[in-house]
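Fold and geometry: a report
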Amino acid sequence: MDTPRIIIAIDGFSSCGKSTMAKSLARRIGYIYIDSGAMYRAVTLYCLDHNLIEGDTVDTDALQSHMDDIHIDFRPDPVSGKTHTFLNGIDVEQEIRSMRVSDKVSPVSAIPFVRTAMVAAQQKMGEQKGIVMDGRDIGTTVFPHAELKIFVTASAETRAQRRVDELRAKGVAVDFDEVVDNINKRDHIDQTRQESPLRKADDAILLDNSYMTIEEQDAWLIARYEETIDKLR
Ligand code: DC
């Protein structure tokens, strides 16, 4: 019998290493990996480039009238083979990871019509299954019937250190305290927003990876995938 193809939803707090584990699993089992956060980041970049944000306030009327002009897709980079995020045909992979975007992404991702548009696009990407998607509401809202749901958590300091290491490795100068503040602020907004707040789905498996190596985490995840497939056979 062919191996069933499933949907794998990986949710959790920011900078928990969700994308690292999701990418690694997708590569290993031949699934498509989608970073849903990159889509909210791309919308945020669009808002910044079009002067639609003042402080933490988004000009929602203007943004709503621009929504049909925002096209986000994912394409493999011809050199590295890694998937890059494109906004209206332009590679924005690096720009959407900047602090400028990280600082404003929570208010943008709390806007109901932004979420409706992103969720619809994400559901379309999962129509054929065989997908690993990471985010905040994948197991609760985007794919409530996903066959495997993981909810990842780690301490704020562990997460900040990982983010700092990641940015410094890319040559971006960052301040640890600024990153901790950004993480705490985003956690708060993500958990308390009205629309799709970050919460663990009842049927999601909890993973605290504060003290796990990448290898341990990968092995843990593949074991959960294999268990799920075995149950479906
Ligand atoms: O995973 P990330 O840090 O790149 O996500 C960026 C922001 O987007 C984060 O503050 C929460 C938001 N987000 C969301 O609201 N829903 C998702 N499915 C993914 C991300």
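Whatever comes next refers back to the structure up there.
Here is a short report on the structure shown in this document. (Residues numbered from 1 in each chain as written. Predicted model: local features only at pLDDT ≥ 70, side-chain atom pairs only at ≥ 80, totals over all residues. Heavy atoms only, no water.)

1. Remarks on the sheet that holds strand E1 (residues 7-12)
Strand pairing within a sheet occurs via backbone hydrogen bonds; the two strands may be parallel or antiparallel. Pairing is parallel across the open sheet formed by 5 strands, whose spatial order is E2-E8-E1-E9-E10. Of all the strands in the sheet, the pair left with one neighbour each is strand E2 (32-35) and strand E10 (205-208). Neighbour to neighbour, the strand axes of the sheet diverge by 20° on average, direction disregarded. Bridging between E1 and strand E9 (residues 148-153) involves 5 bridges; their strand directions are parallel. Across the sheet, the residue bridging to Asp11 is Phe151, located in E9. (Pairing = 2+ DSSP bridges. Helix = DSSP H or I, 4+ residues; strand = E, 2+ residues; numbered from the N terminus. Axes fitted to C-alpha atoms, helices over the stretch in contact; angles between N-to-C directions.)

2. Topic: the site of the ligand
Close to the ligand lie 16 residues; Arg41, Arg115, Asp137, Arg186 and Arg193 are nearest. A distance of 2.8 Å separates an oxygen atom of the ligand from a polar side-chain atom of Arg115. Asp137 places a polar side-chain atom, nitrogen or oxygen, 2.8 Å from a nitrogen atom of the ligand. Compared with its free state, where it exposes 450 Å², the ligand has 94% of that area covered by protein. Looking at the shell around the ligand, the elements with two or more residues in it are helix H2 (36-49), helix H5 (105-109) and helix H9 (176-192). Here the shell around the ligand gets 4 residues from one element, more than from any other, and that element is H2. When its residues are assigned to classes, the shell around the ligand shows 3 nonpolar, 6 polar and 7 charged. (Near = heavy atom within 4 Å. Polar contact = N/O pair within 3.5 Å; in protein donor to acceptor, adjacent residues only side chain to side chain. Areas by Shrake-Rupley, 256 points an atom, 1.4 Å probe, with all protein chains shown as cover. Nonpolar A, V, L, I, M, F, W, Y, C, P; charged D, E, K, R; others polar.)

3. Details of the nonpolar core
For soluble globular proteins, nonpolar side chains are generally found buried alongside one another. Grouped together as the largest cluster of nonpolar side chains are 38 residues, with contacts concentrated most on Val43, Cys47, Leu63, Ile70, Ile72, Val114 and Met118. For this core, the elements supplying multiple residues, two or more each, are E1, H2, helix H3 (60-66), strand E5 (72-76), H5, helix H6 (112-125), strand E8 (131-135) and helix H7 (138-142). Per-element tally for this core: the top contributor is H2, with 9 residues. Excluding its chain neighbours within four sequence positions, the residues that come into contact with Leu63 are Val43, Cys47, Leu52, Val58, Ile70, Ile111, Phe113 and Val114. Membership of the second largest hydrophobic core comes to 27 residues, among which are Ile10, Ile222, Tyr225 and Ile229. (Core = buried A, V, L, I, M, F, W, Y, C linked by side-chain atoms within 4.5 Å. Buried < 20%, exposed > 50% of the residue type's maximum accessible area, 1.4 Å probe, protein only. Contact = heavy atoms within 4.5 Å.)

4. A short note on the pattern of salt bridges
Tallied over the entire structure, the rule returns 15 salt bridges. Here Asp56 ties to Lys104 by a salt bridge, and the two come within 3.8 Å at their closest N and O atoms. Remark: Lys104 occurs in the loop between helix H4 (99-102) and H5 and Asp56 occurs in the loop between strand E3 (53-54) and strand E4 (57-58); sequence separation between them is 48 residues. When its relative accessible area of 42% is taken as the criterion, Asp56 is described as partly exposed. Across the pair Glu93 and Arg97 runs a salt bridge, and its minimum N-O distance is 2.9 Å. Both residues of the pair, Glu93 and Arg97, belong to the buried class. The network of salt bridges with common partners includes Asp35, Glu93 and Arg97. (Salt bridge = Lys/Arg side-chain N within 4 Å of Asp/Glu carboxyl O.)

Read these as geometric descriptors, not functional statements.
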